[in-house]
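# Observations on the model geometry
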Amino acid sequence: MTALRQHLFHLINWVSRTFFASRLSYAHIQAFLFNNSFKKLFNLLRVHWDIRRGNEMVESRPYIFVFEVTNVCNLKCPFCLTGKGISGGREVRHMSFEESKKIIDAVADYTYLLQLYTWGEPLLNKDIIRIIEYAKQKNMYVMLSTNATAMTPDYNEKLLASGIDYVTVAIDGGSDETYEKYRVGGNYTKVLANVRDMLERRNAAKRSHPFVEWQFIVFRHNEHEAKSTENMAYAMGIDKFTPLPAYVEDEAWLPQSKEYRKTEVFNPERLRNCDRPWSHLNIRADGGVASCCFEFFKKDDFGNLGDNDFDEIWNNAFFRESRRLISQFDRSGGQSMDDSTLICHGCLKSGIRPSYVEKPEPPLGGKPKKKVIPLVENR
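Now for a quick tour of the structure. No experiment lies behind these values; they were computed from the predicted model shown.

Any two aromatic rings considered together are summarised by their centre-to-centre distance and by the angle between their planes. In total, this model carries 21 aromatic pairs according to the counting rule given. Plain terms: the ring middles of F216 and F241 are 5.8 Å apart, the flat faces sit at 45° to each other, and that makes the pair tilted. Of the two residues, F216 is situated in strand β5 (residues 211-218) and F241 in strand β6 (residues 240-245); the sequence distance between them amounts to 25 residues. The class for F216 is buried, based on a relative accessible area of 0%.

Written as structure tokens, this is what we have:
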């Protein structure tokens with residue numbers, strides 16, 4: 001059974017990365033099957049009609065909601081902006097329950113999937129359990145990604161009782177030494193015990209949820225442990241193990257095996273297509289409406305829900321321009337697009353997701369060249 005599960009999810013991971021730019025997951029499938037309604041299905045069809053037509057003004061609403069309930073983290077991961085102490089011009093804060101409730105109410109009728117994470121550790125938000133419980137009352141599939149350091153037996157009990165559907169634990173190693181090299185400030189033994197406790201409590205309560213995924217970012221220093229850690233994960237009751245390609249700034253961190261070396265240093269995963277200005281809503285911890293989950297700096301936001309209602313923002317000048325640029329790019333085969341200062345323009349033109357910036361690096365004895373510094377959080 002374990003071997004069958006491993007092969008099944010290897011296939012799902014491959015299909016997702018190859019054909020959907022990693023935007024189709026087991027969670028998306030479950031959300032569609034179990035958190036549907038006629039209104040949501042009709043909206044989903046309208047969204048994809050608008051995408052196909054390239055409509056700038058839309059009456060459809062996003063069906064995936066990426067919600068950063070906090071931009072605070074307790075670890076210092078070396079290739080993460082939050083871990084480096086960079087705020088991107090934002091207030092470092094937690095989203096309150098009342099703020100979250102207002103935002104959820106605006107889109108709950110159309111949203112299948114609520115992802116409660118972006119650039120922070122969601123379990124540090126004291127209102128996270130209430131937020132999950134409220135979203136579940138609104139028939140939303142709720143998932144979060146956590147470094148699992150803040151889990152305790154009491155917290156795990158509350159998390160299970162909240163109705164959470166999907167929990168991703170980010171653990172990059174099979175030993176103290178390998179894990180703590182990237183997850184700076186974490187403790188592998190404690191994290192593993194926290195996850196085991198959650199699984200044991202779930203099994204004791206005879207619950208099928210949450211579905212628990214172990215994400216393992218593969219670096220050079222831990223690639224030798226990937227297979228053995230996968231076997232251990234399934235043996236302890238993890239539902240899905242996912243090795244992820246690492247986006248790094250240092251060649252020495254890249255794995256050597258072709259199986260895990262999906263990118264080169266400063267050459268992150270490139271954009272295949274984009275439908276986010278139609279299908280996704282991305283809200284940051286300060287209420288900022290981001291273009292997508294890869295956008296980090298406040299200066300690139302499309303609006304703020306603290307200042308305007310959702311309906312005012314969803315078809316504002318920024319969203320309309322973004323949709324126009326993407327439609328022009330798609331219809332011309334990437335050959336034609338209006339000039340724009342919008343973050344989406346650089347993303348489409350370069351083919352590199354906007355969570356990366358380019359900085360000149362003059363080589364020895366040659367002309368300056370570009371290198372890509374990854375700003376994306378490895379989760």
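All right, on to the pattern of salt bridges then. Tallied over the entire structure, the rule returns 23 salt bridges. In this structure, R284 and E68 form a salt bridge, with 2.9 Å as the shortest nitrogen-oxygen distance. Here the residue R284 occupies a position in the loop between β7 (280-283) and β8 (288-290), and E68 occupies one in the loop between β1 (64-67) and α4 (97-107), the gap between them amounting to 216 residues. On the basis of relative accessibility, which here comes to 3%, the residue R284 falls in the buried class.

Our focus in this paragraph is the pairing of β1. Neither face of β1 is left uncovered, since the one carrying I64 and V66 and the one carrying F65 and F67 both have all their residues buried. Pairing geometry for β1 and strand β2 (residues 113-115), over 3 bridges, is parallel. Looking at β2, one finds that V66 is bridged to Q115. This β-α-β element, β1 to α4 to β2, shows right-handed connectivity. Pairing geometry for β1 and β7, over 4 bridges, is parallel.

Time to look at the sheet that holds β8. Read from one edge to the other, the open sheet built from 9 strands follows the order β6-β5-β4-β3-β2-β1-β7-β8-β9, with strand pairing classed as mixed. Single-partner strands in this sheet number two, and they are β6 and β9 (303-304). As paired strands, β8 and β9 are joined by 2 bridges and run antiparallel to one another. Residue pairing across strands places G288 opposite N304, the latter belonging to β9.

About the cut-offs
Chains are numbered independently. Their residues run from 1 in the order of the written sequence. Reporting in this predicted model follows two pLDDT cut-offs: at least 70 for local features of residues, and 80 or more for side-chain atom pairs to be given and counted; totals over whole chains, interfaces and linings ignore these cut-offs and use all residues. Calculated side-chain values reflect all of the structure's heavy atoms, with hydrogen atoms and water omitted. Between the rings of Phe, Tyr and Trp (Trp by its six-membered ring), a pair exists once the centres lie within 6.5 Å; its type follows the angle of the planes, with under 30 degrees stacked, over 60 edge-to-face, and the other angles tilted. Strands here are runs of E lasting at least two residues and helices are runs of H or I lasting at least four, both read from the DSSP assignment and numbered beginning at the N terminus. Under the scheme applied here, a residue whose accessible area is under 20% of the maximum for its type counts as buried, over 50% as exposed, and between as partly exposed, the area being computed with a 1.4 Å probe on protein chains only. Salt bridges are identified by distance alone: a Lys or Arg side-chain nitrogen within 4 Å of an Asp or Glu carboxyl oxygen. For two strands to be treated as a pair, DSSP must find no fewer than two bridges joining them. With the strands pointing away from the viewer, any crossover whose connection runs clockwise from the first strand over the helix to the second is right-handed.

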